[in-house]
Amino acid sequence: MMDDPLTVKPEIGSKLVGRAQGIYASASQSELSFLMALNFVFTEGKHNGSTLSILGRNNVFSGIREMPTVGGSGLFRLARGYAQAKTHEIDFKTGDATVECNVNVFHY
């Protein structure tokens, strides 16, 4: 389960624009990969009240991981596209990670 800050940039102190909420589960017996069901919930700016939904496989140790954007709500209704995730920072002792996610979407 996750409910993490969604910021403009990956650096600490970057402007908060919403929450990254969802669930993830192990998706492989041989490598660290997750099945991600993730919503970007926007709480600031022109996207306030809108969401983007991402569903896909996240192979944690790959440089850039691509996952499909499968929908959205509000300004992102009927969204389709992809998200590219890249680990910015990871703390193996705590399990905490900062992930940069670039999202490209088409919406109506």
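Everything below is about the structure shown above.
Notes on the structure follow. Note that residues are indexed from 1 along each chain, following the sequence as it is written. Only residues with pLDDT of at least 70 are given local features in this predicted model, and only at 80 or more are side-chain atom pairs given and counted; all residues enter the totals for whole chains, interfaces and linings. Calculation of side-chain values draws on the structure's entire complement of heavy atoms; hydrogens and water are dropped beforehand.

**Observations regarding the nonpolar core**
Part 1: Only buried residues count toward a nonpolar core. Its members are Ala, Val, Leu, Ile, Met, Phe, Trp, Tyr and Cys residues joined through side-chain atoms within 4.5 Å. With a 1.4 Å probe rolled over the protein chains alone, any residue whose accessible area is under 20% of its type maximum counts as buried; one over 50% counts as exposed, and the rest are partly exposed. Counting residues in each nonpolar core, the largest one holds 15 residues, and the members touching the most others are L38, F40, F42, L52 and I54.
Part 2: Numbering goes from the N terminus for both helices and strands, where a helix is a DSSP run of H or I of at least four residues and a strand is a run of E of at least two. The leading source of residues in this core is strand 3 (residues 33-42), at 4 residues.
Part 3: Residues within four places of I54 in sequence aside, it is in contact with M36, A37, L38, F40, M67, P68, T69, A83 and V103. Residue contacts follow a heavy-atom distance rule, with two residues in contact if any of their heavy atoms lie within 4.5 Å.

**Comments concerning the pairing of strand 6 (residues 80-91)**
Part 1: A pair of strands counts as paired when DSSP detects no fewer than two bridges linking them. Inspection of the sheet shows strand 5 (residues 65-73) paired to strand 6 by 5 bridges, in the antiparallel sense. What sits directly across from M67, in strand 6, is A83.
Part 2: In this structure, strand 6 lies alongside strand 7 (residues 96-106), joined through 11 bridges in antiparallel fashion. By the bridge assignment for strand 7, A85 is matched with C101.
Part 3: Counted between consecutive antiparallel strands, the loop separating strand 6 from strand 7 contains 4 residues, among which G95 sits at a positive phi close to 85 degrees.

**Some thoughts on the sheet that holds strand 6**
Part 1: Reading across from one edge, 1-2-3-4-5-6-7 is the order of the 7 strands in this open sheet, with antiparallel pairing throughout. Of all the strands in the sheet, the pair left with one neighbour each is strand 1 (2-7) and strand 7. Mean inter-strand twist for the sheet, computed between neighbouring axes without regard to direction, equals 30 degrees.
Part 2: When strand 2 (residues 16-26) meets strand 3, the two strands line up antiparallel, connected through 9 bridges. Pairing of I23 across the sheet is with A37, part of strand 3. Think of each axis as a best-fit line through the C-alpha atoms, taken over the contacting stretch in the case of a helix, with angles from 0 to 180 degrees between the N-to-C directions.

**Section: a nonpolar patch on the surface**
Part 1: On the surface, L32, F61, I90 and F92 cluster together to form a nonpolar patch covering roughly 440 Å² of accessible area.
Part 2: Relative to the helices and strands, I90 is located in strand 6. In this scheme, patches are assembled from residues that exceed 30% relative accessible area and form no salt bridge. Like charges are connected within 9 Å, while nonpolar side chains (Val, Leu, Ile, Met, Phe, Trp, Tyr) are connected within 5 Å. Every accessible area reported is derived by Shrake-Rupley at a probe size of 1.4 Å, with residue values counting cover from the shown protein chains alone. Any carboxyl oxygen of Asp or Glu that lies within 4 Å of a side-chain nitrogen of Lys or Arg is treated as forming a salt bridge with it.

**Looking at the side chain of T69**
Part 1: For T69, the location among the structural elements is in strand 5.
Part 2: T69 sits in the buried class, given a relative accessible area of 3%.
Part 3: Among all residues touching T69, those that are not within four sequence positions of it are L52, S53, I54, A79, R80, G81, Y82, A83, V103 and V105.

**Topic: the layout of surface pockets**
Part 1: Only protein atoms enter the 1 Å grid used here. Points where a 1.4 Å probe fits but cannot escape make up a cavity, open sets with protein on both sides within 12 Å along at least five of seven lines make up a pocket, and a residue lines them when an atom lies within 4 Å of a point. Grid points are joined across faces, edges and corners, and a volume is the space filled by probe spheres set on the points. Computed from the structure, the largest pocket encloses a volume of approximately 1400 Å³.
Part 2: Taken together, 46 residues line the largest pocket, and the ones lying closest to its centre are D4, A97, T98, V99 and E100.
Part 3: Looking at the lining of the largest pocket, the elements that each hand over two or more residues are strand 1, strand 2, strand 3, strand 4 (51-59), strand 5, strand 6 and strand 7.
Part 4: Three categories are distinguished: nonpolar for Ala, Val, Leu, Ile, Met, Phe, Trp, Tyr, Cys and Pro, charged for Asp, Glu, Lys and Arg, and polar for the others, with Gly belonging to the last. Residues of the lining of the largest pocket, tallied by class, amount to 29 nonpolar, 9 polar and 8 charged.

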